[in-house]
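Residue-level structural notes
In case you want the letters, here they are:
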Amino acid sequence: MPVAVASAVGALVVAILAIRLGWFAAARRHPARASVVVVATLAVALPVTWYLVSPVFLRSSLVEAAPGAVDPGSTPPRPTVPTPAA
């Protein structure tokens, strides 16, 4: 949750800076340049974001018994007793 809040605050700060510095007006005046910048930014940002955020929701773990572990539902094997030869 703190990461989400920090990300939202960061996005808000960037949006306020963009408005105050006139980035949106510049993007409207130069749509081709703005498109190139957006595509280049997304080409870098999306894979980096996926790499950094995916461990949060993709979990993998090895689920198997430890070596020598006994299943609690199984019965132990009976010892074999040699039968006398007749």
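In short, a report on the structure. Note that the coordinates shown come from a computational prediction; the quantities given were computed from them, not determined experimentally.

A closer look at the overall build of the protein chain
For the protein chain, the count of helices and strands is three helices and zero strands. When the helices and strands of the protein chain are read in sequence order from the N terminus, they spell out α-α-α. For the protein chain, buried positions account for 3% of its 86 residues.

Quick notes on the layout of surface pockets
When its volume is computed, the largest pocket comes out at roughly 220 Å³. In terms of lining, the largest pocket is formed by Trp-23, Ala-26, Ala-27, His-30, Arg-33, Ala-34, Val-37, Val-38 and Thr-41. Counting only elements with at least two residues in the lining of the largest pocket, the list comes to α2 (23-29) and α3 (31-57). Residue contributions to the lining of the largest pocket peak at five residues, all from α3. Each residue belonging to the lining of the largest pocket can be placed in one class, and the counts come to six nonpolar, two polar and one charged.

A look at α3
For α3, built from 27 residues, the straight-helix expectation of 39 Å at 1.5 Å per residue is met to within 8% by its first-to-last C-alpha distance of 36 Å. In the structure, α3 departs most strongly from a straight axis at Tyr-51, where the bend amounts to approximately 35° and where the proline Pro-55 lies between one and four residues downstream.

Points about the side chain of Ser-54
Along the polypeptide, Ser-54 turns up in helix α3. Polar side-chain contacts of Ser-54 include one of 2.9 Å to the backbone oxygen of Trp-50.

Side note on a nonpolar patch on the surface
Together, Val-44, Val-48, Trp-50, Tyr-51, Leu-52, Val-53, Val-56, Phe-57 and Leu-58 give the surface a local cluster of nonpolar side chains, amounting to about 990 Å² of exposed area. Structurally, Val-56 is set in helix α3. Residue classification places Val-56 among the exposed residues on the basis of a relative accessible area of 59%.

As for helix α1 (residues 2-21)
Residues spaced three or four apart along an α-helix point in a common direction, a consequence of the helix completing one turn every 3.6 residues. Spanning 20 residues, α1 covers 28 Å between terminal C-alpha atoms, matching the ideal 28 Å at 1.5 Å per step. With its phi angle positive at about 80°, Gly-22 sits one or two positions after the end of α1.

Procedures and definitions
Residues numbered from 1 in each chain as written. Predicted model: local features only at pLDDT ≥ 70, side-chain atom pairs only at ≥ 80, totals over all residues. Heavy atoms only, no water. Helix = DSSP H or I, 4+ residues; strand = E, 2+ residues; numbered from the N terminus. Buried < 20%, exposed > 50% of the residue type's maximum accessible area, 1.4 Å probe, protein only. 1 Å grid on protein atoms, 1.4 Å probe; cavity = no way out; pocket = protein on both sides within 12 Å on 5 of 7 lines; lining within 4 Å. Points joined across faces, edges and corners; volume = space filled by probe spheres on them. Nonpolar A, V, L, I, M, F, W, Y, C, P; charged D, E, K, R; others polar. Expected span 1.5 Å × (residues − 1). Bend = angle between axes of the 7 residues up to and from the residue. Polar contact = N/O pair within 3.5 Å; in protein donor to acceptor, adjacent residues only side chain to side chain. Patch = residues over 30% accessible without salt bridge, like charges linked within 9 Å, V, L, I, M, F, W, Y side chains within 5 Å. Areas by Shrake-Rupley, 256 points an atom, 1.4 Å probe, with all protein chains shown as cover. Salt bridge = Lys/Arg side-chain N within 4 Å of Asp/Glu carboxyl O.

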